[in-house]
Amino acid sequence: MRHLPRIAVAFLGCVFAARAGDSQIKANVGTWKLNIEKSKTEAWTAKSQTRVYEEREGGLLHARYEGTDARGNPTFVEFEARLDGKPYPYAVRGAPISYTISLKPVDDRSWAFEGRQVLASPWLDRNGAVHDSNPAWAGTHTVAADGKSFADSYKSDYRGAPSRAVLVYERQ
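Note that this is a predicted model, so its numbers are computed, not measured.

1. Some points on the confidence of the model for the protein
Part 1 of the reasoning: The predicted model of the protein averages 88 in pLDDT, with 88% of residues at 70 or higher.
Part 2 of the reasoning: In this model, residues 4-20 is a region of pLDDT below 50 whose contacts with residues beyond four sequence positions or in other chains number zero contacts.

2. As for the packing of aromatic side chains
Part 1 of the reasoning: Enumeration over the complete set of coordinates arrives at twelve aromatic pairs.
Part 2 of the reasoning: Between W32 and F150, the ring centres sit 4.9 Å apart and the planes meet at 70°, which makes this aromatic pair edge-to-face. With W32 in strand β1 (residues 30-34) and F150 in strand β9 (residues 149-156), the pair connects residues that are 118 residues apart, well separated along the chain.
Part 3 of the reasoning: When its relative accessible area of 1% is taken as the criterion, F150 is described as buried.
Part 4 of the reasoning: When the ring of Y90 is compared with that of W137, the centres are 4.8 Å apart and the planes differ by 50°; the resulting orientation is tilted. Placement of the pair is Y90 in strand β5 (residues 88-92) and W137 in strand β8 (residues 130-143), with a sequence separation of 47 residues. There is no split in this pair, since Y90 and W137 are both buried.
Part 5 of the reasoning: One aromatic cluster is present, built from ring pairs that chain together W32, Y53, Y65, F79, Y90, Y99, W137, F150 and Y169.

3. A look at the pattern of salt bridges
A pair can form between side chains of opposite charge whenever their charged atoms are brought close.
Part 1 of the reasoning: Enumeration over the complete set of coordinates arrives at eight salt bridges.
Part 2 of the reasoning: With a shortest N-O distance of 2.6 Å, R56 and E80 are connected by a salt bridge. Note that R56 is positioned in strand β2 (residues 48-56) and E80 in strand β4 (residues 74-81), a separation of 24 residues in sequence.
Part 3 of the reasoning: One salt bridge connects D157 with R159, and the closest N-O pair in it is separated by 2.9 Å.
Part 4 of the reasoning: The exposure class of D157 is buried, given its relative accessible area of 2%.

4. Points about the nonpolar core
Part 1 of the reasoning: With 27 residues, the main nonpolar core has Y53, Y65, F79, Y90, L103 and W137 as its most contacted residues.
Part 2 of the reasoning: When near neighbours in sequence (up to four residues on either side) are disregarded, L103 contacts L61, F79, A81, R82, L83, D84, G85, W111, A112 and F113.

5. Considerations on the layout of surface pockets
Part 1 of the reasoning: Taken as a whole, the largest pocket spans an internal volume of roughly 990 Å³.
Part 2 of the reasoning: Lining the largest pocket are 37 residues, and of these W44, D69, T75, V92 and Y158 sit closest to its centre.
Part 3 of the reasoning: Elements with a minimum of two residues in the lining of the largest pocket: β2, β4, β5, β6 (98-107), β7 (110-124), β8, β9 and β10 (166-171).
Part 4 of the reasoning: Ranked by residues supplied to the lining of the largest pocket, first place goes to β4 with five residues.
Part 5 of the reasoning: Its residues assigned to classes, the lining of the largest pocket shows 25 nonpolar, six polar and six charged.

6. Comments concerning the pairing of strand β3 (residues 60-68)
Part 1 of the reasoning: For β2 and β3, the ladder comprises nine bridges, and the chain directions are antiparallel. Paired with Y53 across the bridge in β3 is A63.
Part 2 of the reasoning: Where β2 hands over to β3, the hairpin turn is made up of three residues, of which G58 adopts a positive phi near 85°.
Part 3 of the reasoning: As paired strands, β3 and β4 are joined by eight bridges and run antiparallel to one another. Each bridged residue has a counterpart across the sheet, and for E66 the counterpart in β4 is F76.
Part 4 of the reasoning: In sequence, β3 turns back onto β4 through a hairpin of five residues, with G72 there showing a positive phi of about 90°.

7. Observations concerning the pairing of β1
Part 1 of the reasoning: Here β1 shows a clear split, with G30, W32 and L34 buried on one side and none of T31 and K33 buried on the other.
Part 2 of the reasoning: Note: β1 against β2, four bridges, orientation antiparallel. Across the sheet, residue W32 finds its bridge partner in β2, namely R51.
Part 3 of the reasoning: Of the pairings in the sheet, the one linking β1 to β10 comprises three bridges and is antiparallel in character. Each bridged residue has a counterpart across the sheet, and for L34 the counterpart in β10 is Y169.

Thresholds, definitions, all that
Residues numbered from 1 in each chain as written. Predicted model: local features only at pLDDT ≥ 70, side-chain atom pairs only at ≥ 80, totals over all residues. Heavy atoms only, no water. pLDDT = per-residue confidence, 0-100. Contact = heavy atoms within 4.5 Å. Phe/Tyr/Trp six-rings, centres within 6.5 Å; stacked < 30°, edge-to-face > 60°. Helix = DSSP H or I, 4+ residues; strand = E, 2+ residues; numbered from the N terminus. Buried < 20%, exposed > 50% of the residue type's maximum accessible area, 1.4 Å probe, protein only. Salt bridge = Lys/Arg side-chain N within 4 Å of Asp/Glu carboxyl O. Core = buried A, V, L, I, M, F, W, Y, C linked by side-chain atoms within 4.5 Å. 1 Å grid on protein atoms, 1.4 Å probe; cavity = no way out; pocket = protein on both sides within 12 Å on 5 of 7 lines; lining within 4 Å. Points joined across faces, edges and corners; volume = space filled by probe spheres on them. Nonpolar A, V, L, I, M, F, W, Y, C, P; charged D, E, K, R; others polar. Pairing = 2+ DSSP bridges.

Set out below in structure tokens:
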């Protein structure tokens, strides 16, 4: 009986965290277009991109990105993920390597994202830890208070190198 209050608090914490993730997903549902003029770009960033976010059953966020990369080549990315910090497959059309993405709530309008490159051959280090992926890109996704735009602020680029890019998207 002494543990019942702790269990109840833990349960309620999980329920509220799940609801916060659901509201963040709902705030992102729709079509968004990259605004290059308002963005702080780097050599690797897209020239144009449209993002479509949909809410799927079970608290899943389905994302589809289409556009043109820095070299003018067409791009297509698709993934489904929950805001739970766990890795989910991240499909990049034409990429010779596989990626995962994890999303974790930061506050009521933001989530942290991290992409990882999946290694073809996992390996063990001298301490016995399994290494199956390398960090790729990371940053924070924040929806504006008015819900009309969002910004992805990158801490690292697709190779894991430091980045200061901020890509601003506007609702269509």
